[in-house]
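The chain contents come next:
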Amino acid sequence: MAAEKTVAQGGGTAALTDEGFADRVRDAIAQDELSLAYQPQADVATGRLTGFEALARWRLGDGTMIPPDVFVPMAETGEAIHVLGEWALRTACAAAAGWMNAGLTDAPVAVNLSPRQLDDPAFARTVLRILAETGLPAANLKLELTETALYDHNAQARETLMQLRGAGVRLVLDDFGTGYSSLALLRRVPVESLKIDKQFTQAMVEDRDAAAIVQAIVALAHALGLSVVAEGVETPEQRLFLQAYRCDRLQGYWLARPLPAGEVPDFIQRNAVP
Ligand code: C2E
Ligand code: CA
Ligand code: CA
Ligand code: CA
């Protein structure tokens, strides 16, 4: 049953079963091969810093980086996603609680979830326990979900999301517009914001259709009382378009690359509004 996987291990490669991969992820955590990078988000109109998205990074002992687009899908076929997911939540919540304790600013952290994590009936409890243990207020945690998380799933996923929302955790629908966007979904899931995928943000200046899609997503979000964030913003022109379209927040290389945890306090201080 267990899928065979190959992952670079200390320079060599080893075939791993699902069970083996979860253990490999545990080792990577213990050996500090896994880390989170934090990419800032800002208010489009004012430039005010509004929070960070946590993005997983895996650096092998020999310095090789494995991209999350590779290791997250590998983890998603087995138990490893629960190990990786819980580690990411705990690490991000601890970091964000640290930013608050340093009195720096009110900067919520957004953590990406895999659809499979919502299958776990204990997931909401796990999140609330991590918030309690790290001392991070629920309102300072955002969870980024993809549309797939919602439809292949079911009553359990929706129940979990209702519990989290009820506890004050904020939900974001990621990569909006790239899946089989079911507008009906927006009425059933207690999300508070939509995230416009970078394929639209990046095409918008050159391509009228992409521009129309971005405008329509902003209008839809606002009509439903949701806020909207655009990812992948790389140029000043893209920022100006988003401002004209009344998009609320942006994220992308134009503002900053994902930062190592150690650089976040400085970034917050440099961007603090006096
Ligand atoms: P995503 O959630 O859509 O994240 C946005 C991706 O765009 C990130 O890639 C980010 O580094 C990249 N990005 C940000 N600004 C720009 C920009 O201006 N231009 C361009 N070209 N790219 C930009 P990254 O870090 O490689 O992550 C890839 C994907 O891996 C994420 O896509 C997310 O789906 C997944 N991922 C990352 N960390 C985690 C995690 O902790 N848990 C789960 N389940 N998935 C994760
Ligand atoms: Ca995301
Ligand atoms: Ca995306
Ligand atoms: Ca994505």
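Located above this text is the structure these notes cover.
I will try to describe carefully the structure that is included in this document. (Residues numbered from 1 in each chain as written. Chains lettered and ligands numbered in written order. Predicted model: local features only at pLDDT ≥ 70, side-chain atom pairs only at ≥ 80, totals over all residues. Heavy atoms only, no water.)

### Observations regarding the nonpolar core
- Formed by 81 residues in total, the largest nonpolar core has its most connected members in Tyr38, Trp99 and Leu141.
- Sequence-distant contacts of Leu141, that is, excluding residues within four places in its chain, are made with Leu89, Cys93, Val109, Val111, Val127, Leu131, Leu136, Val169 and Arg170. (Core = buried A, V, L, I, M, F, W, Y, C linked by side-chain atoms within 4.5 Å. Buried < 20%, exposed > 50% of the residue type's maximum accessible area, 1.4 Å probe, protein only. Contact = heavy atoms within 4.5 Å.)

### Topic: the environment of Ser35
- Inspection of the secondary structure puts Ser35 in strand β3 (residues 34–43).
- Along the sequence, Ser35 and Trp58 sit 23 residues apart, while their C-alpha atoms lie 6.5 Å from each other.
- When sequence neighbours within four positions are dropped, the list of residues in contact with Ser35 reads Leu55, Ala56, Arg57 and Trp87. (Helix = DSSP H or I, 4+ residues; strand = E, 2+ residues; numbered from the N terminus.)

### A few points about the packing of helix α2 (residues 68–76) against helix α3 (residues 80–101)
- Viewed as axis vectors pointing N to C, α2 and α3 meet at an angle of 125 degrees, and their least axial separation amounts to 6 Å. Accordingly, the angle class assigned to the pair α2 and α3 is oblique. Across the interface between the two elements, Phe71, Val72, Ala75 and Glu76 from α2 touch Ala80, Ile81 and Leu84 from α3.
- Its residues placed into classes, the contact of α2 with α3 shows six nonpolar, no polar and one charged. (Axes fitted to C-alpha atoms, helices over the stretch in contact; angles between N-to-C directions. Parallel < 35°, antiparallel > 145°, perpendicular 65-115°, else oblique. Nonpolar A, V, L, I, M, F, W, Y, C, P; charged D, E, K, R; others polar.)

Limitation: the analysis is restricted to geometry and does not speak to function.
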